[in-house]
Every structure is written in C-alpha cells, then in structure tokens.
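# Structure assessment
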Amino acid sequence: METDKDHMHFLISYDTTDRVCDIVKIVKQETTYYLWQKYGSFLSKQYWKKRIFWSDGYFACSIGEVSSATIQKYIESQG
C-alpha cells in the first residue's frame, strides 16, 4: 500500500471467487469505522454532516503479464 494526496494504491492477492467490488467495499467500511473510533473527536470537526471519507468510485486492474515485483516497485514510487 502507498498513499498519495488524494488516493491510495494497494497490491493485494485475493481468492478469485471474491468480487473486487466486495473487497473495495469492505476496505472502505472497515477503515472508515476504525478511523472514527480512533479519531472521532478530531474528525467530527471536519466531517460534521456525514462520516464519509471515500469517494463512490475506485479503479482496479489485474497485473497480467507484469510481475508483482514490478507493480510493487511502481506503487512504492507513488506519493
């Protein structure tokens, strides 16, 4: 994982029976819950209307013919 100003990069391995949209949904839900539990008093000053961190969309792709090491190097160079 690597963060940038307004987005994050993840390199994950997952069971092919899982849907990417479900994985993204879980990541967004769990991280939002965790951050509100840990930093709720600070965040309530910034997000006073809704407890939303994530945008509705996401981008996902498979690595195909490229090695996971190449993708990992790319991700680490972001931000």
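Residues numbered from 1 in each chain as written. Predicted model: local features only at pLDDT ≥ 70, side-chain atom pairs only at ≥ 80, totals over all residues. Heavy atoms only, no water.

Per an unreviewed UniProt entry, the protein chain is named Transposase IS200-like domain-containing protein, and its organism is Faecalimonas umbilicata.

## Things to note about the side chain of Lys28
Worth spelling out the cut-off: Only DSSP runs of H or I with at least four residues qualify as helices, and only runs of E with at least two residues qualify as strands; both kinds are numbered from the N terminus onward. Buried, partly exposed and exposed residues are distinguished by accessible area as a fraction of the type maximum, computed with a 1.4 Å probe on protein chains only: under 20%, between the cut-offs, and over 50%, respectively. Neither His nor the chain ends is counted toward charge; the positive residues are Lys and Arg and the negative residues Asp and Glu. Salt bridges, as used here, are contacts in which a Lys or Arg side-chain nitrogen is within 4 Å of a carboxyl oxygen on Asp or Glu. Contact between two residues is taken to exist if any of their heavy atoms lie within 4.5 Å; hydrogens are not considered.
Inspection of the secondary structure puts Lys28 in helix H1 (residues 20–46). As a buried residue without a salt bridge, Lys28 has its nearest oppositely charged side chain in Asp56, at a separation of 6.5 Å. Apart from residues no more than four positions distant in its own chain, Lys28 is found in contact with Trp54, Ser55, Asp56 and Gly57.

## A short note on the pattern of salt bridges
Scanning the model with the defined rule gives one salt bridge in all. Among the salt bridges present, the one from Arg19 reaches Asp22, with a minimum N-O distance of 2.9 Å.

## Some thoughts on the environment of Ser44
To keep it simple, the criterion reads: In protein, a polar contact requires one atom able to donate a hydrogen and another able to accept it; more generally it is a pair of N or O atoms within 3.5 Å, and residues adjacent in sequence count only if both atoms are side-chain atoms.
Structurally, Ser44 can be placed in helix H1. Classification of Ser44 as partly exposed rests on a relative accessible area of 36%. Here Ser41 takes part through its backbone oxygen, which lies 2.9 Å from a polar atom of the side chain of Ser44.

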